[in-house]
Amino acid sequence: MSSLVVSDEHATPSTATVVQPAWVRVVHWTNAFAMILMIMSGWQIYNASPLFDFRFASSITLGGWLGGALLWHFAAMWLLMVNGLIYLALGLATGRFRKKLLPISPSGVIADTKAALTFKLAHDDLSRYNYVQKLLYAGIIVVGVVIVLSGLSIWKLVQLQWLTALFGGYDIARYVHFICMALIVAFLVVHVVLALLVPKSLRAMIIGR
Ligand code: HEM
């Protein structure tokens with residue numbers, strides 16, 4: 001943590017600097033931990049009454065049974081929501097969202113997708129996101145907000161009936177909740193694979209070693 005010296009404004013790539021500010025790293029790893037708990041307990045909840053023609057293997061679920069999984073889900077929910085609110089507040093207050101994620105233009109996304117598919121995407125400045133990254137990061141923030149709202153709508157059916165109605169009722173809200181989970185898992189897989197593919201020299205630069 002002590003090597004995290006760079007603010008957003010000064011995040012230029014050099015061997016002495018770090019790409020992400022400290023608060024982003026703390027919030028990111030807290031989110032990763034909470035998300036894994038939510039996903040694994042959610043899979044156990046799903047198994048009690050599957051929406052589709054399959055169940056998740058018990059080795060990758062959390063809670064042991066429906067009641068246990070719900071307890072895990074609602075406990076990790078607080079961590080996820082408080083951490084998420086801190087992330088949104090700091091992202092807006094520091095101007096990080098505006099600087100890092102905007103603008104997103106369709107032509108930019110198309111050009112960067114083509115460059116990525118032909119292995120011509122530049123990786124020389126890790127402090128700036130390309131258009132595909134911008135779209136995916138902004139998109140996954142929206143998915144994160146929708147999964148929390150749909151979760152609240154299926155949890156507090158009576159108190160938040162306006163929210164459940166907004167999703168088109170309990171059944172649809174449940175599907176929305178599940179589809180958001182699937183999008184988050186897909187994002188996670190791509191995110192981790194790409195993080196592992198970043199050349200070691202650049203990773204050494206990011207973590208300051
Ligand atoms: C933070 C707000 C959240 C709340 C309040 C919440 C609440 C709930 C509730 C009440 C259920 C039981 C639904 C039912 O079958 O009646 C559920 C199921 C589930 N949740 Fe969440 N959840 C939240 C976030 C998440 C997150 C972040 C994930 C994963 C990334 C997730 C994944 C799942 C899955 C996979 C199920 C099972 C889907 C089903 O079969 O209905 N949830 N959630």
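To be clear, the structure that these remarks concern was listed above.
Presented here is a report on the structure given in the accompanying data block. Computed from a predicted model, the values in this text were never measured in an experiment.

Once that is clear, we can look at the overall build of the protein chain. When helices and strands are tallied, the protein chain shows 8 helices and 0 strands. When the helices and strands of the protein chain are placed in sequence order, the string is α-α-α-α-α-α-α-α. Burial statistics for the protein chain: of 209 residues in total, 33% are counted as buried. Carbon and sulfur atoms form 72% of the exposed surface of the protein chain, whose accessible area is close to 12,800 Å².

Here we come to the layout of surface pockets. Here the second largest pocket defines a volume of roughly 700 Å³. Counting residues per element, the ones that place at least two in the lining of the second largest pocket are α1 (22-48), α2 (66-93), α5 (131-155) and α7 (170-197). Top contributing element to the lining of the second largest pocket by residue count: α1, with 8 residues. In terms of residue class, the lining of the second largest pocket is made up of 23 nonpolar, 5 polar and 1 charged.

Looking now at the coordination of the iron atom of the ligand. When a metal holds four donors in a tetrahedron, each ideal angle between them is 109.5 degrees; when it holds six in an octahedron, the ideal angles are 90 or 180 degrees. Only His73 (NE2) and His177 (NE2) from the protein coordinate the iron atom of the ligand, and they sit 2.1 Å from it. Given a relative accessible area of 13%, histidine 73 falls into the buried group. Among the residues examined, histidine 177 registers a relative accessible area of 19% and is labelled buried.

Before going further, it helps to spend a moment on unusual backbone geometry. Cis geometry is adopted by the peptide bond preceding proline 103, which originates at leucine 102 and carries an omega value of -5°. For proline 103, the location among the structural elements is in the loop between α3 (96-101) and α4 (106-117).

This paragraph deals with the environment of threonine 61. Relative to the assigned elements, threonine 61 resides in the loop between α1 and α2. Counting along the chain gives 24 residues from threonine 61 to leucine 37, while the straight-line C-alpha distance between them is 9.0 Å. The residues touching threonine 61, leaving out its near neighbours within four places in the chain, are Met40, Trp43, Gln44, Asn47 and Phe56. Within polar-contact distance, the side chain of threonine 61 engages the side chain of glutamine 44 at 2.8 Å. At 3.0 Å, the side chain of threonine 61 and the backbone oxygen of serine 58 are in polar contact.

Our focus in this paragraph is the packing of α1 against α2. Interhelical geometry of α1 versus α2 gives an angle of 150° and a closest axis separation of 8 Å. Comparing their axes, α2 and α1 come out roughly antiparallel. In terms of crossing hand, the pair formed by α1 and α2 is left-handed. Of the residues belonging to the contact of α1 with α2, the class tally is 20 nonpolar, 8 polar and no charged.

Turning next to the site of the ligand. The local shell around the ligand holds 22 residues, among which Gly42, His73, Tyr170, Arg174 and His177 are the closest. For the ligand, an oxygen atom lies 2.5 Å from a polar atom in the side chain of arginine 174. Here a nitrogen atom of the ligand and a side-chain polar atom of histidine 177 are 2.8 Å apart. Counting atoms within 2 Å of the grid points, the majority share of the ligand lands in the second largest pocket. Of all the secondary structure elements, the ones that give two or more residues to the shell around the ligand are α1, α2, α5 and α7. For the shell around the ligand, the residue count by class is 17 nonpolar, 4 polar and 1 charged.

About the thresholds
- Residues numbered from 1 in each chain as written.
- Predicted model: local features only at pLDDT ≥ 70, side-chain atom pairs only at ≥ 80, totals over all residues.
- Heavy atoms only, no water.
- Helix = DSSP H or I, 4+ residues; strand = E, 2+ residues; numbered from the N terminus.
- Buried < 20%, exposed > 50% of the residue type's maximum accessible area, 1.4 Å probe, protein only.
- Areas by Shrake-Rupley, 256 points an atom, 1.4 Å probe, with all protein chains shown as cover.
- 1 Å grid on protein atoms, 1.4 Å probe; cavity = no way out; pocket = protein on both sides within 12 Å on 5 of 7 lines; lining within 4 Å.
- Points joined across faces, edges and corners; volume = space filled by probe spheres on them.
- Nonpolar A, V, L, I, M, F, W, Y, C, P; charged D, E, K, R; others polar.
- Donors = N, O, S within 2.8 Å, 3.2 Å for Na, K, Ca; no water.
- Contact = heavy atoms within 4.5 Å.
- Polar contact = N/O pair within 3.5 Å; in protein donor to acceptor, adjacent residues only side chain to side chain.
- Axes fitted to C-alpha atoms, helices over the stretch in contact; angles between N-to-C directions.
- Parallel < 35°, antiparallel > 145°, perpendicular 65-115°, else oblique.
- Left-handed = near helix turned anticlockwise from the far one by under 90°.
- Near = heavy atom within 4 Å.
- Sits in = over half its atoms within 2 Å of the grid points.

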